[in-house]
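Letter by letter, the chains look like this.
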Amino acid sequence: MSSLYDYIIIGSGVAGLSSAQYSARSGLKTLVLDVSNPGGQAINISYLENYPGIYPAISGAEFINTLEKQTRAFGAEIKQTQVHAIDKIGRTFSIKTANGTFTSYALLIATGAIHKPLGIPGEKELLGAGVSYCATCDGPFFKNKKIVVIGGGDSACSEAIYLASLSSSVTLIHRRDTLRAQKAIIQQVEANSHITVLYNTVVSEIQGATQVTGIETENVKQRTHSHMDCDAVFIFAGMSPRTTLVSMLKTDEEGYIITNYRMETPIQGLYCAGDVRAKPFRQLITAAADGAIAAHQAQEYIHDLKHTDTGADY
């Protein structure tokens, strides 16, 4: 079965849903495809306090729920299915999924990014048994327990603050001598009496037979090793962009897809937006902006494509 749409979006995070809103509202027949429920990484945010116009803070789940309803209200379709492959045949894109093949005149890749593993002993073995990459998902299981958070960026610091509301013993471990999160978030970490920060430190092993019981650490400057008892380890060591479907596209040194400021790739009609795209700043607001720009460009591209006899020059 093949279904033709004007605009198909792969990924239902903030970039994908925002783009779907703009495209559907402009009259494009729009379809959003994702193997997971809508939300992407935003669904895991405990307190969304820096999105313009939203005050006081709400949870990421609340934000996504409203965004999804708004997107559907404008007429976009959202289907939960695994996308296996994409191809461009003549003037249209072919998207093969577990639930059939869909075609479109324009395509947006908004597949986002996933958390990077540390690759240390015990991490894989104890995943789901005290090792986690999502504080809001698993934090409540460790109320009043000893919690370790690994990382020093916005995600690690924000999640440490959230976990400190559940436990009075949260240790934030960072390999450098200063945190690299936004200043306002760092100030909250430093002011929280439930959070202890260990600088210049890496975790070399997560220990436990069937459940996390502790970690081994190394001070990278002094080259000293220590053991710490704990019940849970939350890892926020960066992200890896999901680019498998478009491995033919050029990326930066970290693997993020390179586009121009219009979200265009070298393949006409193919756009990228959100965390999968190379850019200096990744926040919900920049993801939403990327999605809106991609929809605007797709609308112009599709209009030109439908109103010319020869189509685009491929």
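Small disclaimer: the values here were computed from a predicted structure and weren't measured.

Student: Let's hear about the overall build of the chain: which residues, and what values?
Tutor: Within the chain, the secondary structure is distributed over six helices and 17 strands. The globule rule puts the C-alpha radius of gyration for 314 residues at 20 Å, and the 22 Å found for the chain is close to it. For the chain, the C-alpha atoms occupy an extent of roughly 70 × 40 × 35 Å along the three principal directions. Considering the chain as a whole, with its 314 residues, one finds that 50% of them fall into the buried category. Considering only residue pairs separated by 6 or more positions, the chain has 60% of its internal contacts joining residues 24 or more positions apart.

Student: So what about unusual backbone geometry? Which residues, and what values?
Tutor: Proline 56 follows tyrosine 55 through a cis peptide bond whose omega is 0°. Its place among the elements puts proline 56 in the loop between strand S2 (30-34) and helix H2 (60-73). Despite not being glycine, asparagine 144 shows a phi value in the positive range, around 60°. For asparagine 144, the location among the structural elements is in the loop between helix H3 (135-138) and strand S9 (146-150). The exposure class of asparagine 144 is exposed, given its relative accessible area of 69%. For arginine 223, which is not glycine, the phi dihedral falls at a positive 60°. Position of arginine 223 among the secondary structure elements: in the loop between strand S13 (214-219) and strand S14 (224-229). For arginine 223, a relative accessible area of 58% corresponds to the exposed category.

Rules used throughout
Residues numbered from 1 in each chain as written. Predicted model: local features only at pLDDT ≥ 70, side-chain atom pairs only at ≥ 80, totals over all residues. Heavy atoms only, no water. Helix = DSSP H or I, 4+ residues; strand = E, 2+ residues; numbered from the N terminus. Rg over C-alpha atoms; globule rule 2.2 N^0.38 Å. Buried < 20%, exposed > 50% of the residue type's maximum accessible area, 1.4 Å probe, protein only. Contact = heavy atoms within 4.5 Å.

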